[in-house]
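Results of the structural survey
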Amino acid sequence: MMKQLFCIRREERWIALVSFLVFTALTAVVIVRYHSLFSVYTDSVWGPFPSKFHVSGFDALVYTIVSRWNTFYTIVFRHPLLPILLYPLYLVNQGLYALTGINCVQFVVAAVLIVSAVYTVIFLYRIFQEVVGLKKADSIVLCALTFSFAYMMLSVVVPEHFMFSAFLLTLTLYISGRHIVANRHGRRHERKKMGIAATVLLFFLTGGLSLTNGVKVFLAQWFVNGRSFFRLANLLFGVVLPVVLLLGFSQAEYKLLTVPGEKARAEAAAAKAKKTGKPVKKTGKKSKADGQPFLPSLREGSEVGRFLQWSDATTSRTKTVVHNLFGESIQLHEDHLLGDAHNGRPVFVSYRHAYQYVIEAFIVLLFVAGIWFGRRERFLWLALSFFAIDLIVHLGFGFAINEVYITGAHWLFVIPLAIAYIFKAMTRLGRSWLRWLTGLLALWLWVYNGFLFVKYMM
């Protein structure tokens, strides 16, 4: 099963090669821009990364952890397994530093991000062909459209967890989709199911990288297994126990690994303050200019209280949908280009030209039309349920709503998945016209977003 999933087939090799070359070129722009700053180890606890890396609202904590593995801050509550999964990269980076005397963190992180992005393309391509039932050309066009979206493109090159999550989410969709297709015409007693072991493994990896994404794995098992999802054994050992273990692990990780580091830094700061006579800065929200990522202190309060600190009930949901959810995440804004909403960028930025709103409206129209044409498809509703989780988290609870676009890699791929059902419903001539139209849209977004990205980096 693992070999079937990760072995790149002959007909996929050139797609993987082109994807690899494009993603490597984009990544090279970032490496060249920051190499002189990030290739040297410093005495700073966080390193130069949080204060020097400025690309939209993305943090550079992955660079920090791969360089200094014991510097976790409080990400263990939202990303419980991220430090553990990054530990092998830390060891590799330490080995390269011993050999070269250079902090190779950019190259180490980039290698894993590029591989994750290439496999995301491969899984999407297989979904379009094997699950939706599209032709090769249509599948390629929709893959190109997916990564022409601004924050899918950016997630390949920034030192964050989002592309890792996209890789795992598309893998989950591909596995689920294969089961759904196989079960569509199979006899009831022959239906394939997502077993407890597979579900738990996907949950730990997906939820371990971003806690709320773990819910999507349970949705996938529910859509595949149907009513058997609610069997007591599955609920206990496939849902409740993994959730309890992951939450317990995040607590233990915080107490055993994060707290000692926080205490050591607090003691060092107090000693320095006593020596210099300057007061110790209070722990709380800080801008990236302060040398630490923009994250609240989580030392006090309940579990619910910790997460409520990131909620927002005041930001306009309508403006968020227009300017950020279907705006910035797909087309970059030229004004305040890739600015940080926590460091000077307004929450809402308007486009300079009316045609950019026309493009946004056209994409949304295609998305809605795709939902209509695929309304009877179980797999599409599974993909839409993934998107619904993100809408609930960001628009409902207001979690990170002021920079919702940076989470785009968690849900942007659902838009082309819906559009795929328009292709499936079209006649041969209509499909040909739609292919050219979608291809031109993808080309425009690649040129527009790519140009602005390179301009910003230069």
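Quick look at the structure, then. None of these values were measured; they are calculated from a predicted model.

**Some points on the overall build of the protein**
- The number of helices and strands found in the protein is 18 helices and 0 strands.
- In terms of overall dimensions, the protein is globule-like: its C-alpha atoms have a radius of gyration of 22 Å, near the 23 Å expected for 458 residues.
- The C-alpha extent of the protein, read off along each of the three principal axes, is 75 × 55 × 50 Å.
- For the protein, the proportion of its 458 residues judged to be buried stands at 54%.
- Restricting the contact set of the protein to residue pairs at least 6 apart, pairs at least 24 apart contribute 75%.
- In the form shown here, the protein has an accessible surface area of approximately 20,600 Å², with 67% of it arising from carbon and sulfur atoms.

**Digging into the packing of aromatic side chains**
- Within the structure shown, the criterion is met by 32 aromatic pairs.
- Three or more aromatic residues joined by ring pairs form one cluster here, namely F6, Y119, F123, F167 and Y174.
- The ring of Y34 carries the charged tip of R33 above its face, separated from the ring centre by 4.8 Å.
- Here R375 stacks its cationic end above the ring of W372, 3.7 Å away from the centre of that ring.

**A word on the pattern of salt bridges**
- Inspection of the entire model under this criterion finds 11 salt bridges.
- Taking the shortest distance from any N to any O, the salt bridge between E130 and R9 comes out at 2.5 Å. Note that E130 is positioned in helix α6 (residues 105-132) and R9 in the loop between α1 (2-6) and α2 (13-38), a separation of 121 residues in sequence.
- The class for E130 is partly exposed, based on a relative accessible area of 32%.
- In this structure, R431 and D138 form a salt bridge, with 3.8 Å as the shortest nitrogen-oxygen distance. With R431 in helix α18 (residues 428-457) and D138 in helix α7 (residues 136-148), the pair connects residues that are 293 residues apart, well separated along the chain.

Here is what the cut-offs are and how they apply
Residues numbered from 1 in each chain as written. Predicted model: local features only at pLDDT ≥ 70, side-chain atom pairs only at ≥ 80, totals over all residues. Heavy atoms only, no water. Helix = DSSP H or I, 4+ residues; strand = E, 2+ residues; numbered from the N terminus. Rg over C-alpha atoms; globule rule 2.2 N^0.38 Å. Buried < 20%, exposed > 50% of the residue type's maximum accessible area, 1.4 Å probe, protein only. Contact = heavy atoms within 4.5 Å. Areas by Shrake-Rupley, 256 points an atom, 1.4 Å probe, with all protein chains shown as cover. Phe/Tyr/Trp six-rings, centres within 6.5 Å; stacked < 30°, edge-to-face > 60°. Lys NZ or Arg CZ within 6 Å of the ring centre and 35° of its normal. Salt bridge = Lys/Arg side-chain N within 4 Å of Asp/Glu carboxyl O.

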